Amino acid sequence: MNKDERKALISFLSIYVGSVILLVGLLLYFYYKNELKSVAEHCNMQMSNAANEIKSQILNSYMNKEKLKPIKLKHKDIQYALFDENKKLIFSNMHKEQELTLKKDLYETQEYTYYVTYLYEKNIPIRYIAIQTCTGVQDKNKLKIIMVLILIFSSIFVGCIAYLLAKLLLKPVREKVESMDKFIKDSAHELNTPILVLMTSVSMLKKGKNPEKMMKYIISSSKQISQLYNDIHFSTFEKNDESLEEEFCLSELVSHSVEYFNDISITKNITIESSVEPCKIKVDKNKMQKVVNNLISNAIKYSHNNSKIIVTLKDAVLTVQDFGIGISKEEQTEIFKRYKRGNNNEGGFGIGLDIVKQIVKEYNLNLSLKSMENEGSLFSIDFTKVLV
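Summary of the structure given here. Worth saying up front: this structure is predicted, and the values here are computed from it rather than measured. (Residues numbered from 1 in each chain as written. Predicted model: local features only at pLDDT ≥ 70, side-chain atom pairs only at ≥ 80, totals over all residues. Heavy atoms only, no water.)

**Description of helix α5 (residues 285-301)**
To be explicit about the condition: In DSSP terms, a helix is any run of H or I states spanning at least four residues, a strand is any run of E spanning at least two, and both are numbered starting from the N terminus. For a helix, the expected span equals 1.5 Å multiplied by the residue count minus one. Here's how the labels work: a residue is buried when its accessible area is under 20% of the maximum for its type, exposed when over 50%, partly exposed in between, all with a 1.4 Å probe on protein chains only. We define a polar contact as two N or O atoms separated by no more than 3.5 Å, with the added condition that, inside protein, one atom must be a possible hydrogen donor and the other a possible acceptor, whereas residues neighbouring each other in sequence contribute only through side-chain atom pairs.
Its 17 residues give α5 an end-to-end C-alpha distance of 24 Å, which sits within 8% of 24 Å, the value for a rise of 1.5 Å per residue. Of all the 17 residues making up α5, 15 are buried; the element is thus mostly covered by neighbouring parts of the structure. Among the residues of α5, the N-terminal cap falls to D284, whose side-chain oxygen and the backbone nitrogen of N286 are separated by 3.0 Å.

**Details of the nonpolar core**
We count it as follows: Residues enter a nonpolar core if they are buried and are Ala, Val, Leu, Ile, Met, Phe, Trp, Tyr or Cys, with the set joined through side-chain atoms within 4.5 Å. Contacts: residue pairs with any heavy atoms within 4.5 Å of one another.
With 42 residues, the main nonpolar core has L250, I281, M288, L295, V311 and F383 as its most contacted residues. For this core, the elements supplying multiple residues, two or more each, are α4 (250-265), β8 (280-284), α5, β9 (308-314), β10 (317-322), α7 (352-362) and β12 (376-382). Sequence-distant contacts of V311, that is, excluding residues within four places in its chain, are made with V254, V258, I272, E273, S274, S275, I296, L318, T319 and V320. In terms of nonpolar packing, the next biggest core, distinct from the first, is built from 16 residues, I71, L73, I126 and I129 among them.

**So, the packing of α5 against α7**
Stated formally: Each axis is a line fitted through C-alpha atoms, and for a helix only the stretch in contact is used; angles between axes span 0 to 180 degrees, taken between their N-to-C directions. Put simply, angles under 35 degrees are roughly parallel, angles over 145 are roughly antiparallel, angles from 65 to 115 are roughly perpendicular, and the rest are oblique. For any helix crossing, the convention is left-handed if the near helix is rotated counterclockwise from the far helix by under a right angle, and right-handed if that rotation is clockwise.
Two elements in contact, α5 and α7, have axes whose closest approach is 9 Å; the angle formed by their N-to-C orientations is 140 degrees. Here α7 runs oblique to α5, going by the angle between their axes. At the point where α5 passes α7, the crossing takes the left-handed sense. In this structure, α5 uses K287, M288, K290, V291, N294, L295 and N298 to contact α7, whose residues at the interface are G352, L353, I355, V356, I359 and E362.

**Topic: unusual backbone geometry**
In this structure, K96 is a non-glycine residue whose phi angle is positive, near 50 degrees. If you trace the backbone, K96 turns up in the loop between β2 (89-92) and β3 (106-108). Residue classification places K96 among the partly exposed positions, given a relative accessible area of 34%. In this structure, N374 takes a positive phi of about 65 degrees despite not being glycine. Position of N374 relative to the elements: it lies in the loop between β11 (366-372) and β12.

By themselves these figures say nothing about function.
Listed below in structure tokens is the structure:
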């Protein structure tokens, strides 16, 4: 991952994770506030019930003229204290009695919640009943911990999901950038060879050395550069243009292409043999020229020096056969993809066969490939569907 990709990833994660955590935080905040009310109401109800239970015990004891005994409450976490009308302590099993004040009916400290109620009976000396419990504070603390843990785990989860999403989103972009980088490097290499030959031939021609041979090299190099330019221009600008269909003789087009590439194949001492039968079709002539040219150009690139290429047109089937390096079974499924090249330093940009596939697909023609490594390849296109 380069610096720009890392920067983009960090920016994406910051915005995505930050916005999601903010949203989750707001939802948790409102949920926490609502739960606080529920916890407080539940705690108040427990203390109110405990106070009523104590009142009932006190009244029963005095009505039956029995001595008041310590009352065992249902909830073990609740303690209480009894005071007379002068606020003098009568009984208490509370913890930290110093925190207790009878001036407030309901309040909370760091550890306990207190509830104070009154008993108005003339014959009973008890006036104040104070209730103490730690459940309210403990439940609130537990709720805080749960909220924090949810926020932390949500952040981690969202961060992981965001990272995976970012990697998935950046993957095709990265592959595209890598393909373009490779394309630029390949274009520099591919253009370098004919340009170098062209410059050398012109230099030799100026000196008057082998003028006929040098002119052939100049023509060959010029045509190679023209072919490369045409492929790039078509792939970039023309592939989505509307087709201008017309009737024409495919055999004449093939013969013209063979003649054209004879000047290019001379640099590798490759002979192009052709056998064509009359065949009239109705398609975009310019696009079909691209198909034939790219098949022959591909055959030249992947042929050995001092070999031959056979081009035939019979029964509306065009075949281009070379006896070069061949294509492995694994590569045969990938060779028609853009920027995909065979294992040959002389291969082009990897767009020629992609152009062929696109045009053939546009007219619903049948394209087939037979190839064996170190033996050669045979490309076939059936034009039956566009015959006139």
